[in-house]
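Read off the chains here:
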Amino acid sequence: QVQLVESGGGLVQPGGSLRLSCAASGFIFSWYAMKWYRQTPGKERELVASITDSGGSTTYADSVKGRFTISRDNSKNTVYLQMNSLKLEDTAVYYCNSRLYTSGGISKDYWGQGTQVTVSS
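So, here is what we can say about the structure in this document.

**Side note on the packing of aromatic side chains**
According to the stated counting rule, one finds four aromatic pairs in the structure shown. Between the aromatic rings of F27 and F29, the centroid separation amounts to 6.3 Å while the plane-to-plane angle is 50°, which identifies the pairing as tilted. The exposure class assigned to F27 is buried, which follows from its relative accessible area of 13%. Summarising the aromatic geometry, the rings of Y95 and W111 are spaced 6.4 Å apart at their centres and angled 90° between planes, so their arrangement reads as edge-to-face.

**Details of the nonpolar core**
Soluble, globular proteins show a tendency: their nonpolar side chains are buried together. One finds F27, W36, V79, L81, M83 and Y94 to be the most contacted residues of the largest nonpolar core, which totals 29 residues. Elements with a minimum of two residues in this core: strand 3 (18-25), strand 4 (34-39), strand 5 (46-51), strand 7 (68-73), strand 8 (78-83), strand 9 (92-101) and strand 11 (115-119). Other than its neighbours up to four places away in sequence, V79 contacts L20, S21, C22, F29, M34, W36, I51, I70, S71, R72 and C96.

**A word on the sheet that holds strand 3**
Across the sheet, four strands lie side by side as 1-3-8-7; this open sheet has antiparallel pairing. Unpaired on one side and paired on the other, strand 1 (3-7) and strand 7 mark the two borders of the sheet. With strand direction ignored, the average angle separating the axes of adjacent strands in the sheet is 15°. Across six bridges, strand 7 lies against strand 8 in antiparallel orientation. By the bridge assignment for strand 8, D73 is matched with T78.

**A look at the pattern of salt bridges**
Side-chain pairs of opposite charge can arise whenever the charged atoms involved come near each other. With the rule as written, the count across this model stands at five salt bridges. Where R38 meets D90, a salt bridge forms, and the shortest distance between an N and an O atom there is 2.9 Å. Of this pair, R38 sits in strand 4 while D90 sits in the loop between strand 8 and strand 9, and the two are 52 residues apart along the sequence. Side by side, R38 and D90 carry an identical accessibility label, which is buried. Residue D90 pairs with R67 through a salt bridge whose shortest N-O separation is 2.7 Å.

Conventions we followed
Residues numbered from 1 in each chain as written. Predicted model: local features only at pLDDT ≥ 70, side-chain atom pairs only at ≥ 80, totals over all residues. Heavy atoms only, no water. Phe/Tyr/Trp six-rings, centres within 6.5 Å; stacked < 30°, edge-to-face > 60°. Buried < 20%, exposed > 50% of the residue type's maximum accessible area, 1.4 Å probe, protein only. Core = buried A, V, L, I, M, F, W, Y, C linked by side-chain atoms within 4.5 Å. Helix = DSSP H or I, 4+ residues; strand = E, 2+ residues; numbered from the N terminus. Contact = heavy atoms within 4.5 Å. Pairing = 2+ DSSP bridges. Axes fitted to C-alpha atoms, helices over the stretch in contact; angles between N-to-C directions. Salt bridge = Lys/Arg side-chain N within 4 Å of Asp/Glu carboxyl O.

Rendered as structure tokens:
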């Protein structure tokens, strides 16, 4: 079955860096775009970054542009989120996401369990 497993979260001081990883299994990873979302208590899940199946194109939320970089290694079925210059407001649970499609064209979103990122002095 489809599995997305995030890792790499933790506690970091403002201005610091973290790299999140999301290991995927159960589907042909190189066929699908991947996304990172984040969520804080009481707020809706926010799209942080996305990357196309080949990795040739990326998009970012305005709040993280210039600080975060999404990348992928299709040989390892893994997507990454490099987070630099972290701010207090980046504190959230970060989720990996993939939207897969059946042969009938029906889509389904899959999520990892999330990894906590806490930015604090």
